[in-house]
Amino acid sequence: MLAPRDVWSGTERLEPGALPRVSEGECPACTWWNRGDAIYRDAEFVVHLATFAARPGHLWVAPRNHVTRHTELSRTAWLALQGVAHDALTALEAYARPARVYVAALGSVAPLERTFPHVHLHVVPIYDGGEGDRPSEVFTWKHGVVGYDEPAATRWREGLQAAWPASTCAPA
């Protein structure tokens, strides 16, 4: 379990101009979702540390298949996606002890700089609960994004996997 002071260890705030770009053409999310560093993966869903993170521990929860609208998911699949998001926030609360965890369904209609239409949920821990943790301040890139060095990313993945609820399938 992280101590509150350790949440930012091994991370840096990347300035908006330094952020990676999402390329046009193929869906970058489909590539990201299938890389080997997932926190959780099953046949339908995957959980990763967010590439364009608002806060340390910010997670993406997504269907592994290319889906661009929530209504493309059956009700059962949509509820299962929400269940994985619940497992992710449960692991975050156990590991990082945030003040609160926001869950939001965001994404663009078409591929844009740093965003894409692939259905995904953001599971975002907030730590202070002050003015900087208002949703309008969290769900923005105006302050840059959180980047992880490899030891920090590994620590987050392994810590969240260890904290993953036992009632679900084993983490990735």
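Look up: the structure comes first, before these words.
All of these numbers come straight from a predicted model, not from anything done at the bench.

Rules used throughout
- Per chain, the residues get numbers from 1 upward, laid out in the order the sequence is written.
- Local features in this predicted model are restricted to residues of pLDDT 70 or higher, and side-chain atom pairs are both shown and tallied only at a pLDDT of 80 or more, whereas totals for entire chains, interfaces and linings draw on every residue.
- Heavy atoms throughout the structure, all of them, feed into the side-chain values; hydrogens and water do not.
- Strands here are runs of E lasting at least two residues and helices are runs of H or I lasting at least four, both read from the DSSP assignment and numbered beginning at the N terminus.
- For every residue, the accessible area obtained with a 1.4 Å probe (protein chains only) is divided by the maximum for its type, and the residue is called buried under 20%, exposed over 50%, and partly exposed between those limits.
- In what follows, residue pairs with any heavy atoms lying within 4.5 Å of each other are defined as contacts.
- Throughout, the Shrake-Rupley method with a 1.4 Å probe supplies accessible areas, and for residues the shown protein chains are the sole cover considered.
- Being paired, for any two strands, means DSSP has found at least two bridges between them.
- Under the rule applied, a polar contact is a pair of N or O atoms within 3.5 Å (in protein, one hydrogen donor and one hydrogen acceptor; residues adjacent in sequence only if both atoms are side-chain atoms).
- Interaxial angle, 0 to 180 degrees, is taken between N-to-C directions of lines fitted to C-alpha atoms, where a helix line uses only the stretch in contact.
- Angular relationships are summarised with four words: roughly parallel below 35 degrees, roughly antiparallel beyond 145, roughly perpendicular across 65 to 115, and oblique for the angles in between.
- Definition used for salt bridges: Asp or Glu carboxyl oxygen within 4 Å of a side-chain nitrogen of Lys or Arg.
- Remark: nonpolar core denotes a set of buried residues (Ala, Val, Leu, Ile, Met, Phe, Trp, Tyr, Cys) joined through side-chain atoms within 4.5 Å.

Asker: Whenever I open this one, the overall build of the protein chain confuses me. Can you help?
Answerer: When you go through the protein chain residue by residue, the secondary structure sums to 4 helices and 7 strands. Element order for the protein chain, N to C, with α for helix and β for strand: β-α-β-β-β-α-β-β-α-β-α. Sorting the 172 residues of the protein chain into buried and exposed places 47% on the buried side. Taking as baseline every contact in the protein chain between residues at least 6 positions apart, the subset at least 24 positions apart corresponds to 68%. Total accessible area on the protein chain is roughly 8,600 Å²; 53% of this is exposed by carbon and sulfur atoms.

Asker: Looking at this structure, how should I read the sheet that holds strand S4 (residues 59-63)?
Answerer: The antiparallel open sheet is built from 5 strands, whose spatial order is S2-S3-S4-S6-S5. What marks the edges here is a single partner per strand, and that holds for strand S2 (40-41) and strand S5 (100-106). Relative to strand S6 (residues 120-126), S5 runs antiparallel, the two being bridged by 7 bridges. Opposite Leu106, over in S6, you have His120 as the bridge partner.

Asker: Explain the environment of His118 here, please?
Answerer: Topologically, His118 is positioned in the loop between S5 and S6. The spacing of His118 and Asn65 is 53 residues in sequence and 9.1 Å in space, taken between C-alpha atoms. Of the polar contacts made by the side chain of His118, one reaches the backbone oxygen of Pro63; its length is 3.0 Å. Reaching out from His118, the side chain makes a polar contact with the backbone oxygen of Asn65 at a distance of 3.4 Å.

Asker: Whenever I open this one, the packing of helix H2 (residues 75-96) against helix H4 (residues 150-163) confuses me. Can you help?
Answerer: A pair of packed helices is characterised by two quantities: the angle between their axes and the separation of those axes. Contact pair H2 / H4: the axes reach a minimum separation of 8 Å and the direction vectors enclose 110 degrees. Taken together, the axes of H2 and H4 are roughly perpendicular relative to one another. Contacts from Ala91, Leu92, Ala94, Tyr95 and Ala96 of H2 reach H4 at Arg155, Trp156, Gly159, Leu160 and Ala163.

Asker: Which parts of the structure should I look at to understand the pattern of salt bridges?
Answerer: Pairing between side chains becomes possible if they bear opposite charge and their charged atoms approach one another. The full count for this structure, using the stated rule, is 4 salt bridges. Between Arg134 and Glu131 there is a salt bridge, and its shortest N-O distance comes to 2.7 Å. Owing to a relative accessible area of 45%, Arg134 belongs among the partly exposed residues under this scheme. Here Glu131 falls in the exposed class, since its relative accessible area comes to 56%. Through salt bridges with shared partners, a single network forms among Asp37, Glu150 and Arg157.

Asker: Can you walk me through the nonpolar core in this structure?
Answerer: Grouped burial of nonpolar side chains is what soluble globular proteins tend to show. Val47, Leu59, Val61, Val123, Tyr148, Trp156 and Leu160 are the most contacted members of the largest nonpolar core, which has 38 residues in total. Of all elements in the fold, only strand S3 (45-49), S4, H2, S6, strand S7 (145-148) and H4 reach the threshold of two or more residues within this core. Among the elements that take part in this core, H2 stands out by supplying 10 residues, more than any other. Formed by 5 residues, the second largest nonpolar core is a distinct cluster that contains Ala54, Tyr102, Val124 and Val138.

Without other data, these values stay purely geometric and don't point to any function.
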